[in-house]
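# A structural walkthrough
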Amino acid sequence: MRTRRAGHGSGHGGRSGGGGRHGRDGRRRPSATARARGSPAGRAGSDRRAREGTRRAEPAAARGAAAGARRGARPARRAARGGGRLRYGSARQAGLLERHLEAVADEARRFLGPSPEHPYYAGAVVLAGRGRTVALHRAMGHAVRYADYDGRTDRVREFPAAERIAMAEDTVFDLASLTKLFTSILAVQQMERGRLELEAQVRRYLPEFTGGGKEIITVRQLLTHTSGLRSWAPFYQESTREGRLRLLWSVRPQETPGSVYRYSDLNLIALQLLLERITGRTLDVLLHDEITAPLGMHRTRYNPPFSWRRVTAATEVQRPPWSGLDRGLVWGEVHDENAYALGGVAGHAGVFGTAWDLAVLARTLLDGGAYAGRRILRPASVELLFTDYNTAFPGDDHGLGFELYQHWYMGAMATPHSAGHTGFTGTSLVLDPSTDSFLILLGNSVHPVRTWRAGSAPRVAVGNRFARAVPVRTRHGGAAWFSGTAPGGSGTLTLPPLTPATAAARLRCAVWWDTVPGEGALHLEVSADGVDWAPLAFTTLRSTGGAPEEWPRGSVGGWSGRIWHRLEAPLTAAWAGREVRLRFRHTATGRYVGRGVYVDVVRVAEPARLLFAEDRPEDAALVEAVGWTRSAD
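A short tour of the structure in this document, coming up. (Residues numbered from 1 in each chain as written. Predicted model: local features only at pLDDT ≥ 70, side-chain atom pairs only at ≥ 80, totals over all residues. Heavy atoms only, no water.)

### Points about the overall build of the protein
Scanning the protein from N- to C-terminus turns up 14 helices and 35 strands. For the protein, the residues scored as buried account for 62% of the 633 residues in total. As displayed, the protein offers around 23,000 Å² of accessible surface, 50% of which is attributable to carbon and sulfur atoms. (Helix = DSSP H or I, 4+ residues; strand = E, 2+ residues; numbered from the N terminus. Buried < 20%, exposed > 50% of the residue type's maximum accessible area, 1.4 Å probe, protein only. Areas by Shrake-Rupley, 256 points an atom, 1.4 Å probe, with all protein chains shown as cover.)

Right, here's the structure in full:
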């Protein structure tokens, strides 16, 4: 769990031959050999879930249960392509559904209004694409709207209409904690070059990084937020760089390194110092030389020049007590107080950039580390950015710098393979290798003040819509029954009464599901009177082959691998000669949803007799659907 001192902070490799393993959820796990070798193979946060404390290591049985809730085949490892360039195109060219793609922009626009009282952000830019096609790129609202804020009255002074600056597609944003992704990529590059080992202790590279247990913290623990360090420290209160460094050296782990997950800016600040030490270059120079210049990301950098100010989104009116500094309107300079104190260049925050440049980064990673013929990472290293190293902390899945499978901001885009991050200023990036898609939402949500926004509602809303824009196709190309994706929604799909003559009757159908583990499921139930229902056990078999899986409790949920499964449920001898009713029931009990559930080609048969066939019009007309609809996508 992330914790951060309220009101501060940005919020939110090596040898390519290293091995790994796959969990039952399909996600790659680091192999013991890779961990031993140390190779890359081997905020207060309203941005984080509203819970307190840290996540401690859990027993192996609990970890196994969590993994078992997320089943599915891992997408094929992406080969090293030439790294072609992004291009604008239509939804159809991207393999997306236009009406749902347009709804992505509509959802983002909705939060320009009361959310619920104040606007969530003054303006936003949303970009979405699949493959090498950017099919949606929209700007809305204002990049600069508010001149001042009075915390005593919660009132703002707006710029006159003629002085406000409208948001544009190429507006530059303070990316806040998306900076951590760049720092992480730079670290993995050094692993590839043999200068840095993943399982090495940080003190090998930073001898000053000792004391109170810090000496056993590893590079991997910095990258996965399992170092045990506290989430934040007030570097801005120190007047000199030497004083700020002394503060970092004096910090002691609050828990034994490796025993807890706690999101901490200190991890990436320490990693910055490590990278600067082993390369002899400052982090801003590393960013330029190793990432942005090779990829042509010319609008991504630390400390943007004053000439960029008119095309940069303003952030917060910073004054105590909500801020640690009294800077007035922050516009064109880094928002994070600690990054500001560190000269604008920090491992945890400080990078500015545009939606398009982030799309280039997304495409680079989805294409195995190359873009437009320029390679910044090997495919094996990219794969491990998306490898879950935090299997001991279910729910806090984390690769090297990248967060994984997080419904709280990815919405229905979250899969065991989805990777991304958020930034406290209102930024987010989500990549889904299983559908080769990417979604970027940049908003100036701390403009005019951080207390006007809470949570990640816009991120979840656009994530849900964009996930719906990626179609689910049936084999026959027609419509299937669809549960929908409404949070907290539920529904039933009930077949007409049937009377099997033998004990050999079976229900068969095709199913596809993606629900939030533990908070959504598909249930198959049986009843004699349509009033009292009991679970009906079934098996499923992947369309890609393999052994059948048994579901004795009559329900299935989590991640199905984005593939269709054949479901088969035998009716016991107790129903021979008796009237029986069968139904599918979908439940979604939490705040977040997955892509939903599809049921198709439903049939009930016994030897030499077809009791029900969904493709017979007279049978289909008798199906009772509550909360389910027919959908061809």
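### Thoughts on the environment of His298
On the secondary structure map, His298 appears in the loop between α8 (283–295) and β12 (301–302). His298 sits in the exposed class, given a relative accessible area of 63%. Linking His298 and His288, residues 10 residues apart in sequence, is a C-alpha distance of 9.0 Å. Excluding its chain neighbours within four sequence positions, the residues that come into contact with His298 are Trp308 and Asp357. (Contact = heavy atoms within 4.5 Å.)

### Structural notes on the pairing of strand β5 (residues 123–130)
Within β5, seven of the eight residues are buried, leaving the element largely enclosed by the surrounding structure. When β5 meets strand β6 (residues 133–144), the two strands line up antiparallel, connected through eight bridges. Along β6, the bridge assignment pairs Leu127 with His137. The turn linking β5 back onto β6 is made up of two residues, and Gly131 within it adopts a positive phi angle of 60°. (Pairing = 2+ DSSP bridges.)

### Remarks on the side chain of Glu107
Checked against the element boundaries, Glu107 lands in helix α3 (residues 98–110). There is a polar contact of 2.6 Å between the side chain of Glu107 and the side chain of Arg110. Those residues within four positions of Glu107 in sequence are excluded, and the remaining contacts are Ala461, Val462 and Arg465. (Polar contact = N/O pair within 3.5 Å; in protein donor to acceptor, adjacent residues only side chain to side chain.)

### With respect to the packing of α3 against helix α13 (residues 457–469)
Interaxial distance between α3 and α13 falls to 8 Å at its minimum, and their mutual angle equals 175°. As judged from the angle between their axes, α3 and α13 are roughly antiparallel. On α13, the residues touching His100, Leu101, Ala103, Val104, Glu107, Ala108 and Arg110 of α3 are Ala461, Val462, Arg465, Phe466, Arg468 and Ala469. For the contact of α3 with α13, the residue count by class is eight nonpolar, one polar and four charged. (Axes fitted to C-alpha atoms, helices over the stretch in contact; angles between N-to-C directions. Parallel < 35°, antiparallel > 145°, perpendicular 65-115°, else oblique. Nonpolar A, V, L, I, M, F, W, Y, C, P; charged D, E, K, R; others polar.)

### Topic: the pattern of salt bridges
Under the definition given, this model contains 36 salt bridges. The partner of Arg99 in a salt bridge is Asp633, and the shortest N-O contact between them spans 2.5 Å. Pair noted here: Arg99 is in helix α3 and Asp633 is in the segment after β35 (629–631), with a separation of 534 residues, a long-range link. Close ionic contact of Arg132 with Asp367 constitutes a salt bridge, the shortest N to O distance being 3.2 Å. Of this pair, Arg132 sits in the loop between β5 and β6 while Asp367 sits in the loop between α10 (355–366) and β16 (370–371), placing them 235 residues apart in sequence. On the basis of relative accessibility, which here comes to 22%, the residue Arg132 falls in the partly exposed class. Among the ionic contacts, a cluster of salt bridges with common partners joins Arg132, Arg363, Asp367 and Asp436. (Salt bridge = Lys/Arg side-chain N within 4 Å of Asp/Glu carboxyl O.)

### Regarding the pairing of strand β19 (residues 419–423)
Of all five residues making up β19, five are buried, and the element is well covered by its neighbours. Residues Ala419, His421 and Gly423 point to one face of β19 and Gly420 and Thr422 to the other, with burial holding for every one of them. Both strand β18 (residues 403–404) and β19 contribute to a ladder of two bridges, which runs antiparallel. From the neighbouring strand, Glu403 faces β19, where its bridge partner is Gly420. Sheet topology places β19 next to strand β20 (residues 427–432); five bridges connect them, and they run antiparallel. Paired with Ala419 across the bridge in β20 is Leu431. Hairpin connection from β19 to β20: three residues lie between these consecutive antiparallel strands, with Gly426 at a positive phi of about 115°.

### Some details on unusual backbone geometry
The omega torsion across Pro320 and Pro321 is 10°, close enough to zero to call that bond cis. Tracing the sequence through the fold places Pro321 in the loop between β13 (317–318) and β14 (328–329). Cis geometry is adopted by the peptide bond preceding Pro448, which originates at His447 and carries an omega value of 20°. Here Pro448 shows up in the loop between β21 (437–443) and α13. Even without being a glycine, Tyr405 presents a positive backbone phi close to 55°. Within the fold, Tyr405 resides in the loop between β18 and α12 (407–410). Positive phi values are uncommon outside glycine, yet Val601 reaches one of about 50°.

### Examining helix α6 (residues 241–250)
Listed as buried for α6 are Gly243, Arg244, Leu247, Leu248 and Trp249. Taken together, the buried residues of α6 touch α7 (265–279) and α9 (337–341).

### Here's the deal with the packing of aromatic side chains
Counting across every chain of the model gives 13 aromatic pairs. An aromatic cluster of at least three residues, connected via ring pairs, comprises Tyr146, Tyr149, Trp322 and Trp452. Seen from the ring of Trp308, Arg299 lies directly overhead, with NZ or CZ sitting 4.5 Å from the centre. A cation over an aromatic ring shows up here: Arg327 above the ring of Tyr340, its NZ or CZ 3.7 Å from the ring centre. (Phe/Tyr/Trp six-rings, centres within 6.5 Å; stacked < 30°, edge-to-face > 60°. Lys NZ or Arg CZ within 6 Å of the ring centre and 35° of its normal.)

### Here's the deal with the sheet that holds strand β10 (residues 173–174)
Strand order in the open sheet formed by three strands is β10-β15-β12, and the pairing between neighbours is antiparallel. Looking at strand neighbours, the two that pair on one side only are β10 and β12, the edges of this open sheet. The sheet contact formed by β10 and strand β15 (residues 351–353) spans two bridges and is antiparallel. Considered in β15, the bridge of Phe173 is made with Gly353.

### Topic: α3
Look at α3: 19 Å from first C-alpha to last across 13 residues, which is about the 18 Å you get at 1.5 Å a residue. The complete set of buried residues in α3 reads His100, Leu101, Ala103, Val104, Ala105, Glu107 and Ala108. (Expected span 1.5 Å × (residues − 1).)

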